[in-house]
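For reference, the chains in residue letters:
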Amino acid sequence: MEILSPAWRTDLAMLRLAGSEVEMHPTHVVVRTPEMPTYHWGNFLLLRRVPLRRDLPGVLDLVARSLPGRDHLALGFDDPESGSSVLSALAQARFAVTADLVLTAQRLTPVAPGPHAPRITRVVSDEDWAQKVALDLACDGGDGSEAHETFASRRAGVQRRLSEAGDAAWFGAWEGSRMLASVGVIGTGEATARIRRAAVHPEARGRGLAAGLVLAAADHAHDAHGAEQLVTVCDPHDPITRLYKKLGLAPAGRQLQAEKHVRPATTTDLLRTPATR
C-alpha cells in the first residue's frame, strides 16, 4: 500500500527504527512491536480509508487474524484529506476516534525568547533520561500504576537507544536541576524528520518553554539528518498548535485514528451500538 500522509510515512519509519515489525500488504499495513505488546500505536492496522459500517466485520476479522489475542484495537487510516466526520460510524460503534492535525515545514521561523528563557540541552546522561521519564509521567495523565511507570521507562529506553545510535535526539528545557519540558526529533529518511512529543510540565505551561526546544530540534534535524521537510502531528485544539504555526509549520491534512478496549472479543460484541446494549 502506498503511504500518502507524511504523518503515517514518518510514523512507520520511526517504528521501524525502534524495532517494530512493519508488514506491508496491497490494501493495508500491519504493525507489531514485540518489545512493547501493550503499546497501542505499536500494534495496529493501517488502512487506506475509514470503513463503512457494513464493512466493519471484515476489518475486525482482519485485525483478529493479524493481531490475535489483543484486548485493544487500534486502527489508522491513511486518508489525509478527510476530516473527523468520516469517523462517525466508528464512533457509533464505541471507538474513540481522533483526527489530529498534520503540520509540515521546510524551515522554521525563529521567535524571540521570553524574558526567562530556559537552559536547553541535549538529553544524554542517566540523570537526564530519568528526568525525562518523570516529566513524561507528569504530562501523560496516567493512573500512577506500576504498569504505567514501566511503560514510560521502556519508551524512554527506546528513545535513548535511537538517540545514542544517531537516529534521533531529545532536548530538555531546565530550571535549575529540574527538566520542565522536552522535545524529540527523529530522522526518518528521504530528507525528512519528525518532531516528537513537545511535553511541558503542567506546572510550567504558558511560560514559552517549548519554542526554543522546537527550534533546537529543527536545527538538529537540518544539521544531523539533512532534513528538508519537518513533520509533526498535534491535537488541533492543543495550545502547542498555535506555537507550531507561529514557527512556520503549515497544515498538511489530518491523521485519522480509532481505538477501542475490548475483551478478546467476538465481532458481534465489537459492533454493538449504544442502542442495542
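Residues numbered from 1 in each chain as written. Predicted model: local features only at pLDDT ≥ 70, side-chain atom pairs only at ≥ 80, totals over all residues. Heavy atoms only, no water.

**Student:** Mind showing me how you'd approach the packing of aromatic side chains here?
**Tutor:** How two aromatic rings sit relative to each other is set out by the distance from centre to centre and by the angle between their planes. Going through the model one piece at a time under the given rule, you end up with five aromatic pairs. Consider the rings of Trp 8 and Trp 41, whose centres lie 6.5 Å apart with planes at 50 degrees: the pair is tilted. In this pair, Trp 8 is assigned in helix 1 (residues 6-17) and Trp 41 in the loop between strand 2 (28-32) and strand 3 (44-47), connecting sequence segments 33 residues apart. Judged by its relative accessible area of 1%, Trp 8 falls in the buried class. The class of Trp 41 is buried, set by a relative accessible area of 17%. Ring geometry for Trp 8 versus Phe 44: centroids 5.7 Å apart, planes at 35 degrees, classification tilted. Placement of Trp 8 in helix 1 and of Phe 44 in strand 3 is noted, with a sequence separation of 36 residues between them. Grouping aromatic residues by their ring pairs yields a cluster made of Trp 8, Trp 41 and Phe 44. (Phe/Tyr/Trp six-rings, centres within 6.5 Å; stacked < 30°, edge-to-face > 60°. Helix = DSSP H or I, 4+ residues; strand = E, 2+ residues; numbered from the N terminus. Buried < 20%, exposed > 50% of the residue type's maximum accessible area, 1.4 Å probe, protein only.)

**Student:** Could you clarify how one ought to interpret helix 5 (residues 146-164) in this entry?
**Tutor:** Since one α-helical turn is 3.6 residues long, residues separated by three or four positions face the same way. In a regular helix each residue adds 1.5 Å, so 19 residues correspond to 27 Å; helix 5 covers 27 Å between its end C-alpha atoms and thus fits that length. Within the span of helix 5, buried status applies to His 148, Phe 151, Ala 152, Arg 155, Ala 156, Val 158, Gln 159, Leu 162 and Ser 163. Each buried residue of helix 5 sits inside an arc of 155 degrees when the element is viewed along its axis, so together they form one side. Those residues of helix 5 that are exposed and angled more than 90 degrees off the buried face are Glu 146, Ala 147 and Glu 164. Where the residues of helix 5 are buried, they touch helix 1, strand 6 (119-122), helix 4 (126-140), strand 7 (168-175), strand 8 (178-189) and strand 9 (192-200). One or two positions beyond helix 5, positive phi appears at Gly 166, with a value near 90 degrees. (Expected span 1.5 Å × (residues − 1). Arc of directions from axis to C-beta. Contact = heavy atoms within 4.5 Å.)

**Student:** I tried to follow unusual backbone geometry on my own but got confused; where do I start?
**Tutor:** Most peptide bonds adopt trans geometry, and most residues besides glycine take a negative phi value. Non-glycine residue Arg 94 carries a positive phi angle of around 70 degrees. With respect to the helices and strands, Arg 94 occurs in the loop between helix 3 (88-92) and strand 5 (96-105). Among the residues examined, Arg 94 registers a relative accessible area of 41% and is labelled partly exposed. Of note in this structure, Glu 190 is not a glycine but carries a positive phi near 55 degrees. With respect to the secondary-structure elements, Glu 190 resides in the loop between strand 8 and strand 9.

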